[in-house]
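Below are the chains, spelled out letter by letter.
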Amino acid sequence: MHAVDPGSGKAPAAQTEALAGARKQFPVLERLTFLSICEKSIVPDCGRAAVEHYLDLMQSAGASRSEHEIRVETAKQKFARLINAHQDEIAFTRNVSDGINGIACAIDWQPGDNVVLTAELEHPNNLYPWRHLERLGVELRRVPPRDGVIDAPAMVSAIDDRTRVVTAATVTFAPGLRTDLRTIGEAARERGVLFVVDAVQSAGILRLDVERDLFDCLATSTSKGLLGLYGAGFLYCRREVAQRLTPAYLSRSGIDAGPGQHSEGGNEAYRLAPGARRFEVGSYPLAEAYAVDASLDLILGIGQDVIEAHVLRLASRFAEGLRERGLPVYGASDPAHASHIVTLGALGSGGHDFSHDARINELASWLQDRQVGFTIRRGQLRFAFHLYNNESDVDRVMALIDAFPGA
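What counts and how
- Residues numbered from 1 in each chain as written.
- Predicted model: local features only at pLDDT ≥ 70, side-chain atom pairs only at ≥ 80, totals over all residues.
- Heavy atoms only, no water.
- Axes fitted to C-alpha atoms, helices over the stretch in contact; angles between N-to-C directions.
- Helix = DSSP H or I, 4+ residues; strand = E, 2+ residues; numbered from the N terminus.
- Left-handed = near helix turned anticlockwise from the far one by under 90°.
- Contact = heavy atoms within 4.5 Å.
- Nonpolar A, V, L, I, M, F, W, Y, C, P; charged D, E, K, R; others polar.
- Pairing = 2+ DSSP bridges.
- Salt bridge = Lys/Arg side-chain N within 4 Å of Asp/Glu carboxyl O.
- Buried < 20%, exposed > 50% of the residue type's maximum accessible area, 1.4 Å probe, protein only.
- Expected span 1.5 Å × (residues − 1).

Novice: How would you summarise the packing of helix H2 (residues 45-60) against helix H9 (residues 286-302) if you had to cite specific residues and measurements?
Specialist: Relative orientation of the contacting elements H2 and H9 amounts to 145°, with a least axis distance of 8 Å. Like other packed secondary-structure pairs, H2 and H9 cross with a definite hand, here right-handed. Where H2 approaches H9, its residues Cys46, Gly47, Ala50, Val51, His53, Tyr54 and Leu57 are matched on the opposing element by Leu286, Ala287, Tyr290, Ala291, Ala294, Ser295 and Leu298. Looking at the contact of H2 with H9 residue by residue, the classes come out as eleven nonpolar, three polar and no charged.

So this is what it looks like as C-alpha cells:
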C-alpha cells in the first residue's frame, strides 16, 4: 500500500499558493465549511464556466456532435494521465455502478465460479452487481473485515482456482479507511484473477496508479473527488483484459466502424472497438464531459501527490483534534490505512443519515446548523477533505465543537 506521509510540517510555499488559488474556485466556501467530498463534489468555477460554454454552443448550434465529443476524448486522456493508464484503456460511463456492471456482465461465468470481496465494507454499488450473479450459480466469497479494514491477506487466501474476480474499494465509504491494494493486485495478477476496484472515494484526491497496484479494472464517477457533475464516470480496463471481454450491451460507440462509417449498420461482420471503448453505449453525457475536463485541469495542475499530502495532513490534524476533545474517532491501528476521511462513532451504530448514539446526533445537528457540511453513514459521522480545504476549516470545526453544549 502506498501512502504519502502527511508529516507535521507545512507544505512548500509554492504548493500552498497553488492550493490557496484553487480554493478561490469554490465560492460556496465563503459561507460553508464543506467537509463532505465523500458524498458529493462542489463544482469549481472552471467547471461551471465549461458547462455554460457548452450550453452556449448548444443554444447557438455552434458546434457539431463530433466537435463536442472532443471534450470526451480530452477528459479521458486527462483521467488516464491521473491514474497512469493509456487513453484507450478509459471508457466514459454514467457512474461507478455502470462501470462495474459493464465488467461483471462481460465475463463468461460458469456455475461454481466465485468472486472474493468484503461485503460489510463495500458500497452497495460494488456489491449488488456481484450478488446478481448468484442467479447464475456464482459464489460470493465474503471475507470479514479486520479492525474496520479490508483484510488484504485474507482476501488473497480466499482466492482459489475458481475465482474469477476479486474486488475492493480503494477507500471504503464507511469507515473511510484505505485498502492495501498492492497485496491484492499482485496475488490476483499471479493467479490470472481480475482485480476490479471501486475508486470513487479516492479518485482525484489520493494518488492512484493502475500499474503500481496492478489493477485490471477501475470504476469511478465524476461527482466526488473529480469535482464534476452527477451522471458521468470513468471505467479503466487494462488493454489485455478488455480484448478478452465481450460487453453485454453494444451500440455504435463500441464498434470499430472505421472512418466515415459511423452511420452504417447492415448485415456485415463487425468488430468490437479495441480497448475500453467497447464498453461505451449510446450518446455521451456532454455537459458532464465539459465539466470534468475542466476540473481535471485543476487537479492535474496542482498534482496528485501534492493533493494527497495536503488532505492527509489536514485529516491527521482534524482527527487528533477530535481525540483531544474526547470524541470517538474510528481508525485502524496501522496509520497506513488512514485516508482523507475521518469518522466518529462505531461502525454499524445507525444507518443513512442517523446514528443510534444520541451524542453523535446532537453534535451533527449542532454542526449542521452552523454551516458545516458532512454526512452520517452506517451510524458514523463522516468528514472528508479535498484540495480546497485548509487549516482554517479544521480550526473552525474545532472551535464549534468546543462551544458545543454537549461537549
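Having seen the structure, we can now continue with the description.
Novice: How would you sum up the sheet that holds strand S15 (residues 380-384)? Please name residues and give values.
Specialist: Hydrogen bonds between backbone atoms are what pair the strands of a sheet, whose relative direction is either parallel or antiparallel. The strand order across the open sheet formed by four strands is S9-S10-S15-S14, and the pairing between neighbours is antiparallel. Strand pairing shows two members of the sheet lacking a second neighbour, strand S9 (329-330) and strand S14 (375-377), which therefore form its edges. Strand direction decides the pairing type here: strand S10 (residues 341-344) and S15, joined by four bridges, are antiparallel. Bridging across to S15, Leu344 finds its partner in Leu381. Running over the sheet, helix H10 (residues 304-324) touches S9, S10 and S15 and is turned about 15° from S10. Relative to S15, helix H11 (residues 358-369) is tilted by about 40°, and along the sheet it contacts S10, S14 and S15.

Novice: Describe the pattern of salt bridges, and please don't skip the residues or the numbers.
Specialist: Two side chains of opposite charge can pair, provided their charged atoms sit close to one another. Taken as a whole, this structure holds 29 salt bridges when the rule is applied. Residues Asp88 and Arg239 are paired through a salt bridge, measuring 3.0 Å at the closest nitrogen-oxygen approach. Highlighted residues: Asp88 in the loop between helix H3 (65-83) and strand S2 (90-93) and Arg239 in helix H8 (residues 239-242), separated in sequence by 151 residues. By relative accessible area, which is 36% here, Asp88 ends up partly exposed. Overall, Arg239 belongs to the partly exposed group, its relative accessible area being 37%.

Novice: Account for the pairing of strand S3 (residues 114-117), with residues named and values stated.
Specialist: Residues Asn114 and Val116 line one face of S3 and the alternating positions Val115 and Leu117 line the opposite face, and both faces are buried. Direction of pairing for S3 relative to strand S4 (residues 139-142): parallel, over a ladder of four bridges. Across the sheet, Leu117 pairs through a bridge with Arg142, a residue of S4. Two elements, S3 and strand S5 (residues 163-169), share three bridges in a ladder whose sense is parallel. Residue Asn114 lies in a different strand from S5, and its bridge partner there is Thr163.

Novice: So what's going on with the sheet that holds S4? Which residues, and what values?
Specialist: Strand order in this open sheet of seven strands is S2-S8-S7-S6-S5-S3-S4, and the pairing throughout is mixed. The strands lining the two open edges of the sheet, one partner per strand, are S2 and S4. Strand-to-strand twist of the sheet, defined as the mean angle between neighbouring strand axes without regard to direction, takes the value 20°. Sheet analysis places S5 next to strand S6 (residues 194-198), joined by five bridges and oriented parallel. In the strand pairing of S6, Thr167 is matched with Val196.

Novice: Tell me about the pairing of S2, residues and numbers included.
Specialist: Every second residue of S2 is oriented toward a common face, with Ile90 and Phe92 on one face and Ala91 and Thr93 on the other, all of them buried. In this sheet, strand S8 (residues 233-237) lies alongside S2 in antiparallel orientation, the contact comprising four bridges. When the sheet's bridge partners are listed, Thr93 is paired in S8 with Gly233.

Novice: Describe in detail helix H12 (residues 391-403), supporting the description with residues and values.
Specialist: When the terminal C-alpha atoms of H12 are compared, their 19 Å separation across 13 residues agrees well with the 18 Å that a helix rising 1.5 Å per residue should span. In this structure, the buried residues of H12 make contact with helix H1 (13-23), strand S1 (33-34), H10, H11 and strand S13 (372-373).

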